[in-house]
Amino acid sequence: MKAYFTHETRQRGVYHFCFDTHDLMASNWFVSIVTIVTIETNQFDSREPPVMKCYPTLSEGGASVYIAAGRERESAEIQSIAIKEKNLRPMADLKIQNVNMEKSENLQSHRTEGFSSSKTLVVRRGAPLRISLQLEGRPFDPQTDSLRIKVMLGRLYVVMPVTFPMNASSSDWKAYFDPKGLNLQKPSILLSSPASAPVGCYGLQLCAFSQGGKRTFAFSRFVLLCNPWCREDAVYIPFEDQREEYIQNDSGLLFKGTSINIVSRPWSFDQFEPGVLEASLNLLQVSPLHQRNKEEDYLNRSNPVYIGRVVSAMINSEDDRGVLKGKWEGDYKDGVDPSWWTGSGDILRQWAESGYRPVKYGQCWVFAAVMCTVMRALGIPCRVVTNFNSAHDTNGNLVIEEFYSETGKKLNRSADSIWNFHVWVECWMTRPDLGSGMDGWQALDPTPQERSGGVFCCGPAPVAAVKDRRIDLLYDIPFVYAAVNADIHTVIVSKGQVIRYSTDTEKVGSLICTKAVGLPRPQNVTGDYKHIKSTSRQSPTSTLSSRHSTISEASTLSRGSSRGVLVLLSLDKAPVAGEPVLFTVKVINKQRVAKAMKVHVNAQAKEYNHSASETIWENHGVVQLAPMEVKLIHQQIPPAQYEIVGGENLINLAVVLEDLASHEQVLASEEFNIASPRLTIQVENEDSIVLYKKQAAIVTFTNSFAHPVSGILTVAGAGLIQGKVQFRMLAVRPGSSVSQRITFIPNMVGTKMLQASLPLSDTNSTITGFRMVSVGRA
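Per-chain numbering applies: the sequence of each chain, read as written, is numbered from 1 onward. Only residues with pLDDT of at least 70 get local features here, since the model is predicted, and only at 80 or more are side-chain atom pairs given and counted; chain-wide, interface and lining totals rely on the full set of residues. The side-chain numbers reported here are obtained from all heavy atoms of the structure, hydrogens and water having been left aside.

A. Structural context of the overall build of the protein chain. In this description a helix means any DSSP run of H or I spanning at least four residues, a strand means any run of E spanning at least two, and both kinds are numbered starting from the N terminus. Tallying secondary structure elements over the protein chain gives eleven helices and 46 strands in all. Each residue gets one of three labels from its accessible area relative to the maximum for its type: buried under 20%, exposed over 50%, partly exposed in between, using a 1.4 Å probe on protein chains only. Classification of the 778 residues of the protein chain by burial places 56% in the buried group. Here, residues are in contact when the closest pair of their heavy atoms is within 4.5 Å. Expressed as a percentage of contacts within the protein chain between residues at least 6 apart in sequence, the contacts between residues at least 24 apart total 66%.

This is the structure we're talking about:
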């Protein structure tokens, strides 16, 4: 607490002091109160000012001050201590006529122009916010008047005087007059928040004090977000292209399918669309932690680690009034098929408008994409990450067992599972709670799989800690580590007996990728999560690779034997809907003796997150191998056999070779998806697209299926189209094409994504396409 003279009168020992109290309520929140105290005493000599002793005590939402006075060299009894109004000379009251939050200037300086549709000004912490006042009557007099600003977050508040510029701690709230072109009739005030201020919607009260104690008030509001442009902020990211991608980009790509046949799914994050920021802030308000202790929750919102855990829990609805209800099997008649969603805006608005009832339905990529939207809206750099062949290790032994019959059929005998792909998010932040080396990207997973701290959430787990297996650190590192590092034990069983056993240490986490900065393609981040053992399967743009198994001296069944057969299974090209699936079985006889081998090939349909189901195609035969011979067996699966496989479904293909002489068996397997045809989008005059000028585009679909298809075409684009437009597409014959012309009026500058989606009513597939559009100023 600091005390200092403001002015002094020589009448009957009356003294005026200004007390500036700073009482720490939490690590990053304080209450600052400026009080004018007038003391009258008959016992003090007017030539010798009294010594003030002040004892601050905290009260609800603020501070109170007990004040005592006495001489420095001798004690004196105070006749009276009173806080009172006093006019030193007649003067008109200071009145605030109008408060201008300078929305346009502040949005630009805080890089929040995307939120221009918000009724409340949106700014970022750690940077000054300009407020302009229009005073009524007379101008501000620095000698006799004072201005005070009160900033409120729930029942917490901070009060500060408006001062003239001075060097002050950047960890405090402060307000000061802008010295540039100071107009005392229309003063401009800069309000600066700490770089660790809590995120939320603040109330703002301005109070003008005249010399006689008269007060006038004015009120406003603003939303405060994290600030990745501020070096002192825990979410500061040093590269502008990354801030543009991970904060400002309102569209992106989600990667699905398999590591050998990646499917790029366009997604509109919509963080700047109407209602999305409000829903993101309401998500924090609705969370159980806020309902349990509002003041503590507000204070903790200064920390992006805390925010990340709250959002991770609130995106799913397992423990609370979360955003999405998950569903992975059965029909979706009472909701929306997860593959039909095209963006986060519809989901978040529906959740908010329904009174915070969970939206039906979501799966991993939907959970992750919606969380990415919320984190970007709150100012925390975020990106969506796909882990291909993601392990869900229920018992924590880092082993996933897969069972096959002797004819190559995959069996459902394990509680553990491998998802062909799993999607989560990474957020960029410092981790002072963990020590050095743990800052940077943190993995968070909103898909409800395992409980963390008693609720369904995951992370933030430092990616660096996952790579180094620092399972002693927070949060949920063992779970993420297993997802990208578990070993697969493949077992062939016959009549209840294990007849073949092998281990694959590379399939799980074979490729981890995210959208590249500024480019519509995947970026390989596998090396961030694990020490790469092989580069054969690491590049998202590499050619098709194969998996193989070997009967050799090192195998379980032929240990000590010199005999050996190598089998490799590979796809000739990426499978496309409507075309045969072409693949090759390569058999190598490593011995100098002839062999007769029984060959079993089995193809099963499977969902990306489940075990394989029924067999859709199989082939059996015998192959003769000369000594040291290499033989290629070419096979194909006709389109009619895999018609039931579409959408997120895949095919599990396995080949089992059995030596008719020794009865030794060897297995090779591969899981792959069938690529759907793409929608093509052509934009007219795409080199001259400008703000608020009507544009046109043509969306074309060519049916590559062997049967007619129909559906509802949806076209959307954040910053290009308000909401979305839909068209009914009647039956399109095989090999035929159909086009639809659409118009749009861009309302945001920058690179935007125009995307189209066509769920086919005749198949289990959703056809998508996108086009990046550059919008300039008129």
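There is more to say, and it comes next.
B. How the structure looks around the sheet that holds strand 39 (residues 665-673). We call two strands paired when DSSP finds no fewer than two bridges between them. Strand order in this open sheet of four strands is 36-35-38-39, and the pairing throughout is antiparallel. Of all the strands in the sheet, just strand 36 (612-625) and strand 39 have a single pairing partner and so form its edges. Sheet twist, expressed as the mean angle between neighbouring strand axes with direction ignored, is 15 degrees. In this structure, strand 35 (residues 595-606) lies alongside strand 38 (residues 650-659), joined through ten bridges in antiparallel fashion. Its bridge partner lying in strand 38, Ala-603 is registered against Leu-653. All axes here are fitted lines through C-alpha atoms, helices being fitted over the stretch that makes contact, and every angle between N-to-C directions spans 0 to 180 degrees.

C. Region of the structure containing the packing of helix 3 (residues 276-286) against helix 7 (residues 344-353). Closest axis-to-axis distance for the helix 3/helix 7 pair is 9 Å, and the angle between their directions is 55 degrees. When the axis of helix 3 is compared with that of helix 7, the two are oblique. Regarding helix 3 and helix 7, the two cross each other, and that crossing is left-handed. Every residue of helix 7 that contacts helix 3 at Val-276, Ala-279, Ser-280, Asn-282 and Leu-283 is listed here: Gly-345, Leu-348, Arg-349, Trp-351 and Ala-352. Partitioned by chemical class, the residues of the contact of helix 3 with helix 7 number six nonpolar, three polar and one charged. For classification purposes, angles smaller than 35 degrees are called roughly parallel, those larger than 145 roughly antiparallel, those between 65 and 115 roughly perpendicular, and all remaining angles oblique. For any helix crossing, the convention is left-handed if the near helix is rotated counterclockwise from the far helix by under a right angle, and right-handed if that rotation is clockwise. Ten residue types, Ala, Val, Leu, Ile, Met, Phe, Trp, Tyr, Cys and Pro, are classed as nonpolar, four, Asp, Glu, Lys and Arg, as charged, and the remainder, Gly among them, as polar.

D. Geometry of the packing of aromatic side chains. Only Phe, Tyr and Trp rings are paired, with Trp represented by its six-membered ring, and only when their centres lie within 6.5 Å; those with planes under 30 degrees apart are stacked, over 60 edge-to-face, the remainder tilted. With the rule as written, the count across this model stands at 17 aromatic pairs. Between the aromatic rings of Trp-173 and Tyr-202, the centroid separation amounts to 5.6 Å while the plane-to-plane angle is 50 degrees, which identifies the pairing as tilted. Taken together, the positions of Trp-173 in the loop between strand 11 (156-163) and strand 12 (174-177) and Tyr-202 in strand 14 (residues 200-209) put the pair 29 residues apart, joining distant regions of the chain. Taken individually, Trp-173 and Tyr-202 each receive the classification buried, so the pair is uniform in this respect. With a centroid separation of 5.2 Å and an interplanar angle of 0 degrees, the aromatic rings of Tyr-202 and Phe-222 are classed as stacked. Taken together, the residues span a long stretch of sequence, with Tyr-202 in strand 14 and Phe-222 in strand 15 (residues 215-225) at a distance of 20 residues. Residue classification places Tyr-202 among the buried positions, given a relative accessible area of 0%. A connected cluster of aromatic rings, assembled from ring pairs, spans Trp-365, Trp-419, Phe-421 and Tyr-608. Ring-over charges, as used throughout, are those where CZ of Arg or NZ of Lys falls within 6 Å of the ring centre and within 35 degrees of the ring normal. Just above the ring of Tyr-475 sits the side chain of Arg-309; from NZ or CZ to the centre is 4.1 Å. Over the face of the ring belonging to Phe-269 we find Arg-376, whose NZ or CZ atom lies 4.6 Å from the ring centre.

E. Up close: the pairing of strand 19 (residues 359-362). Summarising the sheet, strand 18 (residues 324-326) and strand 19 pair through three bridges and their orientation is parallel. Considered in strand 19, the bridge of Lys-325 is made with Lys-360. Taken together, strand 18, helix 7 and strand 19 form a β-α-β motif whose crossover is left-handed. Note on handedness: a crossover is taken as right-handed if, strands pointing away from the viewer, the path from the first strand over the helix to the second is clockwise.

F. Up close: the pattern of salt bridges. For this analysis, a salt bridge means a side-chain nitrogen from Lys or Arg found within 4 Å of a carboxyl oxygen belonging to Asp or Glu. This model, assessed by the stated rule, comprises 24 salt bridges. Salt-bridge contacts for Asp-250 lead to Lys-752; the nearest nitrogen and oxygen are separated by 3.0 Å. On the criterion of sequence distance, the pair formed by Asp-250 in the loop between helix 2 (240-248) and strand 16 (251-258) and Lys-752 in strand 45 (residues 750-759) is long-range, its members being 502 residues apart. Look at Asp-250 and you get buried, because its relative accessible area is 1%. Classification of Lys-752 as buried rests on a relative accessible area of 5%. For Arg-771, the salt bridge identified is with Glu-686, shortest N-O distance 2.9 Å.

G. Quick look at the nonpolar core. Joining through side-chain atoms within 4.5 Å is the link that ties buried Ala, Val, Leu, Ile, Met, Phe, Trp, Tyr and Cys residues into a set, and such a set is a nonpolar core. Within the largest apolar cluster, 65 residues are counted, with the highest numbers of intra-cluster contacts made by Leu-283, Val-311, Ile-315, Val-323, Leu-324, Ile-347 and Val-425. Of all the elements, helix 8 (residues 364-377) adds the most residues to this core, at twelve residues. Leave out the neighbours within four places in its chain, and Ile-315 touches Leu-283, Gly-322, Val-323, Leu-324, Phe-367, Val-370, Met-371, Val-374 and Pro-446. Core analysis: the second largest hydrophobic core is formed by 56 residues, Val-565, Leu-571, Val-655 and Phe-701 among them.

H. Here's a closer look at the pairing of strand 20 (residues 382-392). Most of strand 20 sits inside the fold, with eleven of its eleven residues counted as buried. Of the pairings in the sheet, the one linking strand 20 to strand 23 (residues 417-429) comprises ten bridges and is antiparallel in character. The residue of strand 23 that forms the bridge with Asn-387 is His-422. Taken together, the four bridges between strand 20 and strand 30 (residues 511-515) define a ladder with antiparallel strand orientation. In the sheet register, Asn-387 faces strand 30, and the bridge partner there is Ile-512.

I. A look at helix 3. Counting buried residues in helix 3 gives eight out of eleven residues, a clear majority hidden from the surface. Within the span of helix 3, buried status applies to Val-276, Leu-277, Ala-279, Ser-280, Leu-281, Leu-283, Leu-284 and Val-286.

J. Summary view of the sheet that holds strand 21 (residues 399-405). Across the sheet, four strands lie side by side as 22-21-28-29; this open sheet has mixed pairing. With partners counted over all chains shown, the strands left at the sheet margins are strand 22 (410-411) and strand 29 (497-504), one partner each. Here strand 28 (residues 487-494) runs beside strand 29; their pairing, made up of seven bridges, is antiparallel. Of the residues in strand 29, the one forming a bridge with His-489 is Thr-503.

K. Local environment of unusual backbone geometry. Geometrically, the link from Gly-459 to Pro-460 is a cis peptide bond, its omega value of 5 degrees lying close to zero. Structurally, Pro-460 can be placed in the loop between strand 26 (455-456) and strand 27 (461-462). Residues Leu-474 and Tyr-475 are joined by a peptide bond in cis, for which omega reads 0 degrees. The phi dihedral of Met-628 is positive, around 60 degrees, even though this residue is not glycine. Structurally, the position occupied by Met-628 is in the loop between strand 36 and strand 37 (630-637). Here the phi dihedral of Asn-685 falls at roughly 50 degrees; this positive angle occurs in a residue that is not glycine. If you trace the backbone, Asn-685 turns up in the loop between strand 40 (680-683) and strand 41 (695-702).

L. Broad picture of the environment of Met-748. Along the chain, Met-748 turns up in the loop between strand 44 (737-744) and strand 45. Considering only alpha carbons, one finds Met-748 and Gly-719, 29 residues apart in sequence, at a separation of 4.9 Å. Leaving out residues up to four positions away in the same chain, Met-748 has contacts with Gly-114, Asp-250, Phe-272, Leu-691, Gly-719 and Val-775.

M. Spotlight on the packing of helix 7 against helix 8. Two numbers describe how helix 7 lies on helix 8: the axes approach to 9 Å, and their chain directions differ by 80 degrees. Classed by the angle they form, the pair helix 7 and helix 8 counts as roughly perpendicular. Judged by residue contacts, Ser-344, Ile-347 and Leu-348 of helix 7 engage Val-366, Ala-369, Val-370, Thr-373 and Val-374 from helix 8. In terms of residue class, the contact of helix 7 with helix 8 is built from six nonpolar, two polar and no charged.

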